[in-house]
Amino acid sequence: MAKAVMVVGTASNVGKSVLCTAICRILYQDGYRVAPFKSQNMSLNSAVTPSGREIGRAQAVQAVACGLQPNEHMNPVLLKPTGKDQSQVVLQGRVYDTTSARAYYRDRLGEIWTSVVESYTYLAERYDVIVIEGAGSPVEMNLKETEIANMRTAQMADADVLLVADIDRGGIFASLVGTMQLLTPDERSRVKGIIVNKFRGDTTLFDDGVRLLESYTGVPVLGVIPYVDDIGIEEEDSMGIEGARYRRVSSHTSDALRVSIVQLPHISNFTDFDPLFLESGIDAAFCQTPEEIGQSHVVILPGTKNTMDDLAWLHQTGWAAAIRAAAERGAFVFGVCGGYQMLGQAVYDPDGQESMTSVQTGLGMLPVETTMAREKATVLVQGYAAQGEERIRLCGYEIHMGVTTYLPEAEAFAMVQRDGEQALRPDGAISLEGRVVGTYLHGIFDNDEFRKQWMSSVCQAFGLNLQESAHSIADLRTAAYDRLANVVRQHLDLRPVYARIGQPSGVRV
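Conventions used here
- Residues numbered from 1 in each chain as written.
- Predicted model: local features only at pLDDT ≥ 70, side-chain atom pairs only at ≥ 80, totals over all residues.
- Heavy atoms only, no water.
- Helix = DSSP H or I, 4+ residues; strand = E, 2+ residues; numbered from the N terminus.
- Rg over C-alpha atoms; globule rule 2.2 N^0.38 Å.
- Buried < 20%, exposed > 50% of the residue type's maximum accessible area, 1.4 Å probe, protein only.
- Contact = heavy atoms within 4.5 Å.
- Pairing = 2+ DSSP bridges.
- Axes fitted to C-alpha atoms, helices over the stretch in contact; angles between N-to-C directions.
- Salt bridge = Lys/Arg side-chain N within 4 Å of Asp/Glu carboxyl O.
- Phe/Tyr/Trp six-rings, centres within 6.5 Å; stacked < 30°, edge-to-face > 60°.
- Disulfide = S-S within 2.5 Å.
- Core = buried A, V, L, I, M, F, W, Y, C linked by side-chain atoms within 4.5 Å.
- Parallel < 35°, antiparallel > 145°, perpendicular 65-115°, else oblique.
- Left-handed = near helix turned anticlockwise from the far one by under 90°.
- Nonpolar A, V, L, I, M, F, W, Y, C, P; charged D, E, K, R; others polar.

(A) Expanded view of the overall build of the chain. Scanning the chain from N- to C-terminus turns up 15 helices and 26 strands. Its C-alpha atoms give the chain a radius of gyration of 23 Å, within 12% of the compact-globule value 23 Å for 509 residues. With the C-alpha coordinates of the chain rotated into their principal frame, the extents come out at 70 × 50 × 45 Å. Counting only residues that meet the buried cut, the chain has 58% of its 509 residues in that class. Across the chain, every contact between residues at least 6 apart in sequence was considered, and the portion connecting residues at least 24 apart equals 73%.

Here it is in C-alpha cells:
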C-alpha cells in the first residue's frame, strides 16, 4: 500500500492545490510512482477522464504533474453548485444526485464515504505515494462531525499532514495557532510541519515569525514559500478568477487582439481560455459588466453550470443586447458549451433540470435549439474543424446536460468522434462567415493549430498584426510545472516527507 502525505489549509484559497501540484511534480521528478487524491472537491472547473468520468480540474492538473492520465478515483466526490443551496453530486465521475447542502452533509458518511475509501484503496494499491489535498479548513466545527475531506481522510489513509496558511491575506498566527488548537490530540499528532505560503519580499524578514509559530504550535515550519506571480497552472475554482492575471492589462498596445469573456454567475471551466492569456498578442479579460466590452474584437460566452438562469441574467443585465451590438459592428462571438447553447434560438428545460422556467429565449445568433436532458454527456472527443478547404485537427472533451438540435440552414462548426464511437458527428455551429461560433468542446483553445488559425482570421478582419507565441500550450504547461517545482524545492524542507515515504520503487505505472 502507498504511503500518504496530505496538505490541509487554514482556509480555502491558501494555495493547497498549487502546493499539492508542486509536491506531485517533485516526487515524480525524483522517480516515485505518485498520484493525487482529493476525497471531496467543490468546483465548477472540471475535467473528463479517458474513461468518460468527470473530476475536479485541480486533480486532473495534479495527475499531469505526476505524468498520469486523470482517473475518477483521484477525486471521488465532486460537488457542482447549481444554484442557491443546491449542488449536483458527482460520485466517482458519474452524477449521483442533486441535493441541498443540508441533505448532503447529513448523508455523506454512508454510500459517499464508502466510495471515498474505495477510490483511495484503488490508488494506494497501484502507487508508491498518494499526495492528498484537503478542502477548506479542517476545523469548521459545525461541520466537523460529518466532514470527509480533511482529518477523516488523513486518518483513513494514515497520512502525515502538512498545514498551510496564506500570509498574504494576513492573520497567519491566529489562523495557524487556532487551527492547531481546534484539532483533537490525535489529529494534531499527524501534523508534521507548517508551510507559510505566498510571502512577498525577503523571506528572512519572517525568521522571527517562524520561531514564534514553532513556539506557539510545537510544530516545525518547513518552509516559507514566496508569492509566485502568474504560475501558469490552471485554477481550481471560481475564486481564482478574481486574480490579476484574468483582468484587463492596460499596458497592451492598441493593436493587440482584444478579447472579452463574459463572467457568468455560474461560470464553469473558465480555464478553457487560459491559452488566450498566454498569447503575447492578446489582451484578454473576464468582464463583469457589458460596458467592459468596449471595442473588443472578440466576445466569448463560456460554459456554465446553469444555462437557464445565466441566460436570463444576460437578458436582464443588458449583456444580451451588448453582445448582439458587438456582433453587428463586426466583433467575433465565440460560445463554449453553455455559451454555445445561449447563442441559439431557445433553451428548453421541460423537466426542471436547472430551473423552474421551462424555456428561455436565446441570443438568436445561431440556428440551433437546446433541450436540457436528464443524462450528462462526459466524453473525450477528437475530430476536425473546416477552415475553407483546410481541415484543422481538434481534440477536447464534452461535459453537458443539454441536447442541441439544428434548425434549417444551420452549419456545423466541426466534425468529431466521441471515444467509443466509430462515426463522426457534427459539433457546434458557425454563422456570419465564421464570426459567430459555438461548440461543445472544452479545451478548444488548447489546440495550437486551431487557436493560431482562429486568431489569424480575427486579426485579418480587423487589420491587426498577429503576435503569436512560438510555443505549444503543452510545452508552456510542462515548463510551468517544472518552474513551480523548482521554487518549492528551494523553499520547502521535504526531509520529513522523504522520511515518511521511503525510497522510490523506480518503476512507474
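(B) Representation of unusual backbone geometry in the model. At asparagine 13, a position not held by glycine, the phi torsion is positive, near 65°. Positionally, asparagine 13 belongs in the loop between strand E1 (3-9) and helix H1 (16-29). Residue classification places asparagine 13 among the partly exposed positions, given a relative accessible area of 35%. Backbone geometry places glutamine 92, a non-glycine residue, at a positive phi of 50°.

(C) How the structure looks around the sheet that holds strand E16 (residues 298-301). In space, the six strands of this open sheet follow the order E15-E13-E16-E18-E26-E25, with mixed pairing throughout. A single partner strand is all that each edge strand has here, and the edge strands are strand E15 (282-287) and strand E25 (429-431). Each strand axis lies, on average, 15° off the axis of its neighbour in the sheet, ignoring direction. Pairing analysis gives four bridges linking strand E18 (residues 332-336) to strand E26 (residues 436-439), with the strands arranged parallel.

(D) Region of the structure containing the pattern of salt bridges. For the structure on display, the rule yields 24 salt bridges. The partner of glutamate 54 in a salt bridge is lysine 80, with the nearest N and O atoms 2.5 Å apart. Note that glutamate 54 is positioned in strand E5 (residues 54-56) and lysine 80 in strand E6 (residues 77-83), a separation of 26 residues in sequence. The same class applies to glutamate 54 as to lysine 80, namely buried. The partner of aspartate 158 in a salt bridge is arginine 190, and the shortest N-O contact between them spans 3.1 Å. Here aspartate 158 is found in the loop between helix H5 (151-157) and strand E10 (160-166), whereas its partner arginine 190 is found in helix H7 (residues 185-190), with 32 residues between them in sequence. Given the relative accessible area of 41%, aspartate 158 is considered partly exposed.

(E) Region of interest: the packing of aromatic side chains. The tally for this structure, following the rule as stated, stands at 18 aromatic pairs. Ring centres of phenylalanine 199 and phenylalanine 206 lie 6.0 Å apart, and the angle between their planes is 50°; this geometry places the pair in the tilted category. Take phenylalanine 199 and phenylalanine 206: they sit in the same class, and that class is buried. Note on phenylalanine 332 and phenylalanine 462: the rings are 6.4 Å apart at their centroids and 55° apart in plane angle, and the pair reads as tilted. With phenylalanine 332 in strand E18 and phenylalanine 462 in helix H13 (residues 448-462), this residue pair connects regions lying 130 residues apart in the sequence. By relative accessible area, which is 6% here, phenylalanine 332 ends up buried. Three or more aromatic residues link up through ring pairs in this structure, and these residues are Phe273, Phe334, Phe413, Phe445, Phe450 and Trp454.

(F) Examining the state of the cysteines more closely. Applying the stated criterion across every chain, the model contains zero disulfides. No disulfide involves cysteine 287; its nearest neighbouring cysteine sulfur is the one of cysteine 459, lying 18 Å away. On the accessibility criterion, cysteine 287 (1% relative accessible area) is buried. Cysteine cysteine 395 shares no disulfide, and the gap to the nearest cysteine sulfur, in cysteine 337, comes to 16 Å.

(G) Examining the nonpolar core more closely. Within the largest apolar cluster, 79 residues are counted, with the highest numbers of intra-cluster contacts made by Val77, Ile130, Ile132 and Phe206. Broken down by element, the residue count for this core peaks at seven residues, all from H1. With 67 residues, the next largest nonpolar core counts Phe277, Trp319, Val368 and Val381 among its residues.

(H) Highlighting the packing of H1 against helix H2 (residues 57-65). At a minimum axis distance of 8 Å, the contact between H1 and H2 shows a crossing angle of 20°. Here H1 is positioned roughly parallel relative to H2, judged by the angle of their axes. Judged by the sense of rotation from one axis to the other, the crossing of H1 with H2 is right-handed. Contacts between H1 and H2 pair Ser17, Cys20, Thr21, Cys24, Arg25 and Tyr28 from the former with Ala58, Val61, Gln62, Val64 and Ala65 from the latter. Class assignment of the residues belonging to the contact of H1 with H2 gives a composition of seven nonpolar, three polar and one charged.

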